[in-house]
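Overview (structure and organization)
Single-letter residue listing:
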Amino acid sequence: MGKCLFITGTGTDIGKTYVTGLLVKCLHDAGYKAGYYKAALSGAERGAKGELLPGDALHVNETAQLGETIPHLVSYIYEEAVSPHLAALRSHQPIDFQKVRRDFEAARGRYDYLTMEGSGGIICPLRWDAEQHVVLDDLVKDLGLGTLVVADAGLGTINAVVLTVEHLHAREIPVRGIVFNHSHPGDFMEEDNAKMVEEMSGVPVVAYVRDGDRSLRLDAAKLAALYD
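Now for a look at the structure at hand.

Here is what the cut-offs are and how they apply
Residues numbered from 1 in each chain as written. Predicted model: local features only at pLDDT ≥ 70, side-chain atom pairs only at ≥ 80, totals over all residues. Heavy atoms only, no water. Salt bridge = Lys/Arg side-chain N within 4 Å of Asp/Glu carboxyl O. Helix = DSSP H or I, 4+ residues; strand = E, 2+ residues; numbered from the N terminus. Buried < 20%, exposed > 50% of the residue type's maximum accessible area, 1.4 Å probe, protein only. Expected span 1.5 Å × (residues − 1). Pairing = 2+ DSSP bridges. Phe/Tyr/Trp six-rings, centres within 6.5 Å; stacked < 30°, edge-to-face > 60°. Core = buried A, V, L, I, M, F, W, Y, C linked by side-chain atoms within 4.5 Å. Contact = heavy atoms within 4.5 Å. Right-handed = clockwise from strand over helix to strand, strands pointing away.

1. What about the pattern of salt bridges?
According to the stated counting rule, one finds 18 salt bridges in the structure shown. Note that Glu-79 is salt-bridged to Arg-46, the shortest N-O span being 3.1 Å. On the criterion of sequence distance, the pair formed by Glu-79 in the loop between strand 5 (74–78) and helix 4 (84–91) and Arg-46 in strand 3 (residues 45–46) is long-range, its members being 33 residues apart. Using a relative accessible area of 47% as the deciding quantity, one classes Arg-46 as partly exposed. Between Asp-213 and Arg-210 there is a salt bridge, and its shortest N-O distance comes to 3.3 Å. A residue is classified by how much of its surface remains accessible, and Asp-213, at 9% relative accessible area, is buried. Residue Arg-210 is classed as partly exposed on the basis of its relative accessible area of 34%. Each member of the salt-bridge network shares a partner with another, and the members are Lys-38, Asp-56 and Glu-117.

2. Here's the deal with helix 1 (residues 16–29)
Owing to its 3.6 residues per turn, the α-helix brings residues three or four apart onto one side. Taking 1.5 Å per residue, 14 residues should reach 20 Å; helix 1 reaches 20 Å between its end C-alpha atoms and fits that length. Of all the 14 residues making up helix 1, ten are buried; the element is thus mostly covered by neighbouring parts of the structure. Burial in helix 1 covers these residues: Lys-16, Thr-17, Val-19, Thr-20, Gly-21, Leu-22, Leu-23, Val-24, Cys-26 and Leu-27. Just downstream of helix 1, Gly-31 is the residue with a positive phi angle, here 95°.

3. Re the pairing of strand 2 (residues 34–42)
Among the nine residues in strand 2, eight count as buried, and that is most of the element. Direction of pairing for strand 2 relative to strand 6 (residues 113–121): parallel, over a ladder of five bridges. The residue of strand 6 that forms the bridge with Ala-34 is Tyr-113. Note that strand 2 and strand 5 share four bridges and pair parallel. The residue bridging Ser-42 from the neighbouring strand is Tyr-78, located in strand 5.

4. What about the packing of aromatic side chains?
Applying the stated criterion to the full structure yields five aromatic pairs. Look at Tyr-32 and Tyr-113: their rings are 5.2 Å apart centre to centre, the planes differ by 90°, and that puts the pair in the edge-to-face class. In this pair, Tyr-32 is assigned in the loop between helix 1 and strand 2 and Tyr-113 in strand 6, connecting sequence segments 81 residues apart. Taken together, a centroid distance of 6.4 Å and an interplanar angle of 15° make the contact between Tyr-76 and Tyr-78 stacked. Judged on exposure class, the residue Tyr-76 and its partner Tyr-78 are both buried. Members of the aromatic cluster, each reached through a chain of ring pairs, are Tyr-32, Tyr-113 and Tyr-227.

5. A few points about the nonpolar core
Core analysis: the largest hydrophobic core is formed by 40 residues, its most contacted members being Met-116 and Phe-180. Aside from chain neighbours lying at most four places away, what touches Met-116 is Cys-4, Leu-5, Phe-6, Ile-7, Tyr-37, Ala-39, Phe-104, Leu-139, Leu-143 and Leu-145. Listed in part, the 29 residues of the second largest apolar core include Ile-14, Tyr-36, Val-179 and Leu-223.

6. Some thoughts on the pairing of strand 10 (residues 175–181)
Extensive coverage of strand 10 is indicated by the burial of six of its seven residues. Across six bridges, the pairing between strand 9 (residues 147–152) and strand 10 is parallel. From the neighbouring strand, Thr-147 faces strand 10, where its bridge partner is Val-175. Between strand 9 and its parallel partner strand 10, the chain crosses via helix 7 (residues 157–170), and the hand of that crossover is right-handed. The pairing of strand 10 with strand 11 (residues 205–208) spans three bridges and is classified as parallel. Bridge assignment links Val-179 to a residue of strand 11, and that residue is Ala-207. Read as a crossover between parallel neighbours, the route from strand 10 over helix 8 (residues 188–201) to strand 11 is right-handed.

Laid out in structure tokens, this is it:
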């Protein structure tokens, strides 16, 4: 079985998928057998034949040049751009977590380094109906994964990152590092944000991603060491 790392964010639209693509690409380009998996994706668009296209998963697939098929990339695809639990309710397609585990284990078996991307922030509800109440952190804990937190480099990130890390630690979910997205090298506030986040959370900032970056400025071996 391959090693795995779960990618979460401090919120929705933080650039988690963009960063995830660069993470997988970094490993793939360095010769690691690297793959990607996502349990549930909402906000999919329709293709020419009416099929649902999971944009986030396809972005990573293309960025890292994985050449994977959609069923291997994501288990549940929803059209409405709402939380997965609500999309599932409205489409009458609740997530079966036994299927998610099977798909996850299959993906882990295909790759030496599997990157699993979450949906929204770590407290995103995946299923909330009469039968089950499951939040994203429940799934991460059940799969026994360590996490990497993607956050915006700018104003407000100290609060968002520290709260996310504290919640993960409270759930006894390991946090391997933090990646700051939308970074501006030399910005005094962002430099202080990184310093404060590291001191207050005890978790290192392992990489900085600027808008438009096509590669990750992080040694692939150091990135691979975050997986377990």
